[in-house]
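# Commentary on secondary and tertiary structure
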Amino acid sequence: MAITYASVPEQYARVQKNMKAEKLDAIIALSMENFYWLSNAYVTTMQSIPDRLGAVISIADEDPVLLTCSIEKSLVVEDSWIKDVRTYEEFQESPIAIIAEILRQKGLQRARIGLEMDYIVARFYDELKRELPEVELVDVSRLFLLMRMVKTPREIEILSHAAFATERAMTEGFFHARMGEKEADVLNDIIIRTLQSGGVEPNGSFGAGPKSAIAHPIADDTPLKYGQIVSVDFGACFKGYYSDIGRTAVVGKSNARQNKIYTSLYDVQRRVIDKIRPGVKASELYYTCIEGLHKAGIDLSLSHCGHGLGLGLHELPIFSPLCDIPIEENMIVNVEPFYVTDEGYHSEDSMLVTKDGVRLLSTYHDHSQILEIPEA
C-alpha cells in the first residue's frame, strides 16, 4: 500500500517522518487536541464527553483512517481531509474494539504502534491489549507535543488573531473600568469583549491589591481601590487554539516604587524577547530572564518564564532550566516574567518566531508603563 492522496497536510507529513524515525508501524491519536491537529475536524464533545472516543490512525506509508462516533460523522466529513471515515454507534459498540479491527484489517495485529499514554484511560488500554495481545504499544505523548511545536500557516493565522483580540479585550476592559467597580464586573467586561471577538471558553485570573500577589486569584465583589495594582492573566479558545495574555494595571496613578518594579520587569521581558531566534535553547532564555531580574533586584516568582502556545495552554518548549529544546522558526511562544512582593506584577505576550527574531502578536496597546484604570 501507499499514500494515495496527491498531497497531505503538513501535520500528516510530520507524523509519517517521525514514524520512520521511531520505527513505528502506526500512531493512534485519541485526544481531542491531536485528533483535531491531524484531521482538521474540531469535535468538541470528545472533550466534554471523554467516552465519546475519536481516533486518527496514521499508518506508515499509507492513508490514514479516522474513527468517530456516528453522531459526529457529518461534522467530520465536512471538515476533515481524511477520506476513510468510519463510525461506531455510541452505547452499542466499543470504539476500542473497532480500532483493533481496523488494525487487524491493515495487518498490524503484531505491529509496533504509538499511543497517547498521557491520555488513554486504563480500561481502554486494557481493552486494546486484550483485543491485540501481540501489539507493542509505545508512548507517543511527548512526540505529539514535539510535532506540534512548529505551527502551520493556518495555526499561525488563528493564534495571531487570538493574541491580538485577547489583548484588545483586556486593555479596553481596563480603560472602561472605574475605581470602585467590582473585580468581577471588570473581568466580566473583558470576557464579553473576548466573546465578541470570536473567543470561547474564556478563563482568567484577576486580583487587585494583596490578591494580585496570588498566582491565579479569583475575581469577586471586592471594589477596586485607588493605588492598587491589578494583575490579570487571561485567555480564551479560538477555533480550538488558546490565547494567553498577562497584564498589570493600577487603579488611578502608580507610585514611584510600583513604576520601578514594573519597568524593571517589562525591560527584562523585552531582553528575553530580543534574544529569541532559531537555535537558541529554551533554557538559555530562562537564564537570561533570571540574570536580568537579579540585576534589577527582583526575582522570578514562577518556575519558568515562558512557554509554547497552541492547542494547549502550556506547550513545548517551556522556558525553564530543564528544557534544552532549541527555538525554531514558526513556533508561537509566550514570555511571561512574574514577580511577587506585597503585590503581583505580570507581563505576558505572545509572539511568532521568525528566521531572525520574533514578530509580536499582542500589539494592540503599548504597555511599557503600567496601564491605568481611571478614577472616574
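Residues numbered from 1 in each chain as written. Predicted model: local features only at pLDDT ≥ 70, side-chain atom pairs only at ≥ 80, totals over all residues. Heavy atoms only, no water.

In the nomenclature of an unreviewed UniProt entry, the protein corresponds to Aminopeptidase P family protein from the organism Candidatus Pullichristensenella excrementigallinarum.

## Overview of the sheet that holds strand β1 (residues 26–29)
Neighbouring strands of a sheet are bound in pairs by backbone hydrogen bonds; such pairs are parallel or else antiparallel. Taken in spatial order, the six strands line up as β4-β3-β2-β1-β5-β6 in an open sheet, and their pairing is mixed. Looking at which strands have only one partner, the edges of the open sheet turn out to be β4 (85–88) and β6 (136–139). When the angles between neighbouring strand axes are averaged without regard to direction, this sheet yields 25°. Where strand β2 (residues 55–59) lies against strand β3 (residues 65–69), three bridges are found, and the strand directions are antiparallel. Looking at the pairing, Ile 57 lines up with Val 65 of β3. Along the sheet face, helix α2 (residues 32–39) touches β1, β2 and β3 and points at about 55° away from the line of β2. Here helix α5 (residues 95–105) sits on the sheet and contacts β1, β2, β3, β4 and β5 (112–115); the angle it forms with β4, its principal contact strand, is near 145°. (Pairing = 2+ DSSP bridges. Helix = DSSP H or I, 4+ residues; strand = E, 2+ residues; numbered from the N terminus. Axes fitted to C-alpha atoms, helices over the stretch in contact; angles between N-to-C directions. Contact = heavy atoms within 4.5 Å.)

## With respect to the sheet that holds strand β16 (residues 349–354)
Strand order in the open sheet formed by five strands is β12-β11-β13-β16-β17, and the pairing between neighbours is antiparallel. If you trace the sheet from one side to the other, it starts and ends with β12 (315–318) and β17 (357–360), each paired once. Adjacent strand axes in the sheet meet at a mean angle of 35°, parallel and antiparallel pairs treated alike. Two elements, strand β13 (residues 332–335) and β16, share four bridges in a ladder whose sense is antiparallel. Paired with Asn 334 across the strands is Ser 350, a residue of β16.

## Remarks on the pairing of strand β8 (residues 229–238)
Most of β8 is tucked away: 10 of the 10 residues are buried. Burial along β8 is two-sided: the residues Ile 229, Ser 231, Asp 233, Gly 235 and Cys 237 and Val 230, Val 232, Phe 234, Ala 236 and Phe 238 are all buried. The sheet contact formed by strand β7 (residues 200–208) and β8 spans seven bridges and is antiparallel. Among the inter-strand pairings, Gly 204 is bridged to a residue of β8, identified as Phe 234. In terms of strand pairing, β8 meets strand β10 (residues 245–251) through six bridges, oriented antiparallel. The residue bridging Val 230 from the neighbouring strand is Ala 249, located in β10. Sheet topology places β8 next to strand β9 (residues 241–242); two bridges connect them, and they run antiparallel. Following the sheet pairing, Phe 238 is matched in β9 by Tyr 241. (Buried < 20%, exposed > 50% of the residue type's maximum accessible area, 1.4 Å probe, protein only.)

## Points about the pairing of β2
With five of five residues buried, β2 lies mostly within the body of the structure. Of the two faces of β2, the one carrying Ala 55, Ile 57 and Ile 59 and the one carrying Val 56 and Ser 58 are both buried. Pairing analysis gives four bridges linking β1 to β2, with the strands arranged antiparallel. Paired with Ala 26 across the bridge in β2 is Ile 59. What sits between the antiparallel neighbours β2 and β3 is a turn of five residues, in which Asp 61 has the positive phi angle 60°.

## Points about the nonpolar core
Ranked by size, the top nonpolar core spans 40 residues in total, and within it Ile 27, Phe 35, Trp 37, Leu 38 and Phe 144 carry the most contacts. Elements with a contribution of two residues or more to this core: α1 (10–22), β1, α2, α7 (141–147), α8 (153–176) and β8. Per element, the largest residue contribution to this core is six residues, and it comes from α8. Sequence-distant contacts of Phe 35, that is, excluding residues within four places in its chain, are made with Ala 29, Asn 40, Ala 41, Val 43, Met 46, Gly 54, Ala 55, Val 56, Leu 66, Leu 67 and Val 76. (Core = buried A, V, L, I, M, F, W, Y, C linked by side-chain atoms within 4.5 Å.)

## A word on the environment of Ser 70
Following the sequence through the fold, Ser 70 ends up in the loop between β3 and α4 (73–79). As for Ser 70 and Ser 283, which are separated by 213 residues in sequence, their C-alpha atoms are 45 Å apart. Setting aside chain neighbours within four positions, we find Ser 70 in contact with Thr 87, Tyr 88 and Glu 89.

## Observations regarding the packing of α5 against helix α6 (residues 122–131)
Two elements in contact, α5 and α6, have axes separated by 9 Å at closest approach and are oriented at 35°. Helix-helix and strand crossings are classified by hand; for α5 and α6 the assignment is right-handed. Contact residues: Ile 96, Ala 97, Ala 100 and Arg 104 in α5; Phe 124, Glu 127, Leu 128 and Glu 131 in α6. (Left-handed = near helix turned anticlockwise from the far one by under 90°.)

## What to know about the UniProt feature "domain: Creatinase N-terminal" (unreviewed entry) in the protein
According to UniProt, the "domain: Creatinase N-terminal" (unreviewed entry) feature falls on residues 13–150. Taken as a whole, residues 13–150 contains 41% helix and 19% strand, while its terminal C-alpha atoms sit 13 Å from one another. (UniProt positions renumbered as here; feature names shortened; annotations may be inferred.)

## Focus: helix α9 (residues 183–196)
Across its 14 residues, α9 extends 20 Å between first and last C-alpha, which sits within 8% of the 20 Å expected from 1.5 Å per residue. Along α9, the residues that are buried comprise Glu 183, Ala 184, Val 186, Leu 187, Asp 189, Ile 190, Ile 191 and Thr 194. Note on α9: the residue one or two positions beyond its end, Gly 198, has a positive phi of about 105°. (Expected span 1.5 Å × (residues − 1).)

## Things to note about the packing of α8 against α9
Any two packed helices are characterised by the angle at which their axes cross and by the distance between the axes. The N-to-C vectors of α8 and α9 enclose an angle of 140°; their axes lie 8 Å apart at closest approach. Here α8 is positioned oblique relative to α9, judged by the angle of their axes. The handedness of the crossing between α8 and α9 is right-handed. Contacts between α8 and α9 involve Ala 169, Met 170, Glu 172, Gly 173 and His 176 from the former and Val 186, Asp 189, Ile 190, Arg 193 and Thr 194 from the latter. When the residues that make up the contact of α8 with α9 are grouped by side-chain class, the tally is four nonpolar, three polar and three charged. (Parallel < 35°, antiparallel > 145°, perpendicular 65-115°, else oblique. Nonpolar A, V, L, I, M, F, W, Y, C, P; charged D, E, K, R; others polar.)

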